[in-house]
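# Coordinate inspection notes
What follows is the residue order along each chain.
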Amino acid sequence: MATEAPRLTLPSTDSGTRTAVRSAPEAAACPAAGAPGGRPGDATVGSPLGATTATTTTPTATATAVLPPELGEDRVAAWQGSGRQLIALLTEARELGPVSRFRLGGRQTLLVTGPEQVQHVLAQHPDRYVKRSHRARPLLGDGVVCASGQAWKDQRRLLQPQFTSTGLRRHEHRIAGAARAAAGRWAAKARTGEPTDVGEDMRLFALDAVWRCLTGLALDEDTRRELASVEAVVAALPTADAGPEAGRAAMAADLARIDASAERAIATVRGLAAGLAAGPGEAAGAGEPTRPGEAAATGETAGAEQDGTGLLHLLLETAKSRPEYTDRLIRDELVTLLVAGHETTAQTLAWLFLLLDRHPEVREWLAAADRPDSPVGRGEALHALVSETLRLYPAVWLIPRHAPADDVLDGYRVEAGSDILICPYLTHRDPGLWPDPERFDPTRFLTAGRRPVRPGAYYPFGVGGRACLGLRFAMRTTAVLLDLLLPHYMPVFRSTPDGAVFGADLRPDGPMPARIEVRRP
Ligand code: HEM
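Description of the structure in this document. None of these values were measured; they are calculated from a predicted model.

With that out of the way, let us pick up the pairing of strand E4 (residues 399-403). Sheet faces and side chains relate simply in a regular strand, where the side chains alternate between the two faces. Among the five residues that make up E4, four are buried, leaving the element largely enclosed by the rest of the structure. The pairing of E4 with strand E7 (residues 418-422) spans five bridges and is classified as antiparallel. Paired with Arg-401 across the strands is Ile-420, a residue of E7.

Have a look at this one:
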């Protein structure tokens, strides 16, 4: 049953001013230039200056460059009248080439899908293509996703070490704990035959995993209920400004619930830290707000994991020497990581189970990876499975930027004030980059020789300095969960959603009711 998605509206304020274009000789070092795997003539599709992927922007170049091919206003009006989702318009614009343009809400909007052009915008010239005031700011505040300039650099520098392979080792037991809890819930449902919703199950797992790592606390039932509001807020954000009064009030109430959870976690971790500092004997009293021993929302006993030494602890320690880390910024950072981390991971897992349901041959291929004589190990197979799911269904399907000044992109003029939409969903399904792109085939990602090597052809986690901070975390949590679930259980769906909602993220457009079946070897 297809539901009409909230249309992703574009930002409405324009902070851009027309300024002289700076020279950027460093662009000549474009890593995409001469990259293997390029299709002949690809970079020249519709490009007036030929393969100008490594652009050195000079005032002359800007003056002589022409605007990208335009999707006519009649096509945009036809789309607006049709009630179809934004992806329908973008798919039409993509036909014009790797860079195209159209006017939306009176604004010049460029769609960028070509690999070299994506690199140009996201990796090579983040100074020319900036994040504009973020739609999600009411939810995320000044957290690292919305921050800019020096504040962003400082915030990212503080968090980065937590998300490296080494940093993640500190959280491995928490990820494993969340995965065990999820497997336990499926084991119980397989035993009793109780129906479940796979989308909801994946959301609970992803939330639990990220909450444990961020706070060092188990996810209690109150927190789980309050954080369910995140989904409502994320869904409401794209249309929040234009929506009715009642919608805005509901969103304010949801935001208050999320704040309550964050504030409680901050108080708890602070209390635990004070208790720990005072000595192990006093720690239990300081942990009072965590309600030690209370059954967690995940069906486990909470006590064992209530040490409060997650990432939030680091933020609170940092606040002692850096006054900019106020309780508000700590709340923003916590909620930012929670939101950025859990819906994306949950949607990826939901798509993965839908794809497995539709592709028995892939299920067989996965099972074969467990045999001793298999040339592919289970770990490698799972990695390929997740990678291919993210190719077809990148949870962040649209990456917006804004050009405050003129630029030249692939020989085309980018006018100051333009909005830029970068669409991994369309790049990932470009037949020039991906043979038989609509086919679900995890083996594409198996061997180095067959892996897409062309930079900018595959970017479910973004590219450049603002690429996903949680890439390793996401890949690790999904791998740990799938490693526990797939050999033993498989959901048998009662019905599956037909389509996708291209909203603030990319999700199946309906519930995913199923019963859990135990797999026989
Ligand atoms: C499958 C799961 C995920 C996907 C597909 C995904 C995708 C992305 C993408 C495409 C971006 C770049 C957006 C842009 O350039 O504007 C991004 C940024 C970000 N992601 Fe993820 N993400 C995932 C999981 C996570 C997790 C688990 C976390 C943290 C726990 C996380 C934290 C962040 C943060 C903080 C940023 C902003 C980085 C910055 O601006 O410096 N993400 N993500």
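With that out of the way, let us pick up helix H2 (residues 73-82). Every α-helix winds through 3.6 residues per turn, so residues three or four apart in the chain are directed the same way. The element H2 is barely covered by neighbouring structure, given that only one of its ten residues are classed as buried. Immediately downstream of H2, the backbone of Gly-83 shows phi near 70 degrees, a positive value.

Now for the sheet that holds E7. Strand order in the open sheet formed by four strands is E1-E2-E7-E4, with mixed pairing between adjacent strands. If you trace the sheet from one side to the other, it starts and ends with strand E1 (99-104) and E4, each paired once. Ignoring strand direction, the axes of neighbouring strands in this sheet form an average angle of 25 degrees. Where strand E2 (residues 107-112) meets E7, four bridges bridge the pair, whose relative direction is parallel. The residue bridging Val-112 from the neighbouring strand is Ile-422, located in E7. Set on the sheet, helix H4 (residues 115-124) makes contact with E1, E2, E4 and E7; between it and E7 the angle comes to about 120 degrees.

This paragraph deals with the sheet that holds strand E8 (residues 489-493). Taken together, three strands build an open sheet; the order of strands is E3-E11-E8 and the sheet is antiparallel. If you trace the sheet from one side to the other, it starts and ends with strand E3 (196-197) and E8, each paired once. As paired elements, E8 and strand E11 (residues 513-518) share five bridges and run antiparallel to each other. Paired with Tyr-489 across the two strands is Val-518, which belongs to E11.

Here the focus is the nonpolar core. One finds Leu-90, Val-210, Leu-214, Leu-334, Ala-350, Ile-422 and Cys-423 to be the most contacted residues of the largest nonpolar core, which totals 125 residues. The greatest single-element share of this core, amounting to 15 residues, is contributed by helix H15 (residues 327-358). If near-sequence neighbours (up to four positions away) are discounted, Ala-350 is found in contact with Val-198, Gly-199, Met-202, Arg-507, Pro-508 and Met-512.

Here the focus is the site of the ligand. The full set close to the ligand counts 25 residues, and Gly-341, Thr-344, Gly-462, Cys-468 and Gly-470 are the nearest of them. Ranked by the residues each element gives to the shell around the ligand, the list is headed by H15, at seven residues. Residue composition of the shell around the ligand, by class: 16 nonpolar, seven polar and two charged.

Unusually for a residue other than glycine, Asp-410 sits at a positive phi of about 55 degrees. Topologically, Asp-410 is positioned in the loop between strand E5 (407-409) and strand E6 (412-414). Residue class for Asp-410 comes out buried when judged on the 28 C-beta atoms lying within 10 Å of it. At Asp-436, a residue that is not glycine, the phi angle is positive and equals roughly 45 degrees.

Mapped onto the fold, Val-396 is located in the loop between helix H17 (378-392) and E4. Along the backbone, Val-396 and Pro-126 are 270 residues apart, and their C-alpha atoms lie at a distance of 18 Å. Leaving out residues up to four positions away in the same chain, Val-396 has contacts with Thr-344 and Asp-505.

Cut-off values and rules
Residues numbered from 1 in each chain as written. Predicted model: local features only at pLDDT ≥ 70, side-chain atom pairs only at ≥ 80, totals over all residues. Buried ≥ 20, exposed ≤ 12 C-beta atoms within 10 Å, placed from the backbone. Helix = DSSP H or I, 4+ residues; strand = E, 2+ residues; numbered from the N terminus. Pairing = 2+ DSSP bridges. Axes fitted to C-alpha atoms, helices over the stretch in contact; angles between N-to-C directions. Contact = placed C-beta atoms within 7 Å. Core = buried A, V, L, I, M, F, W, Y, C linked by C-beta atoms within 7 Å. Near = placed C-beta within 6 Å. Nonpolar A, V, L, I, M, F, W, Y, C, P; charged D, E, K, R; others polar.

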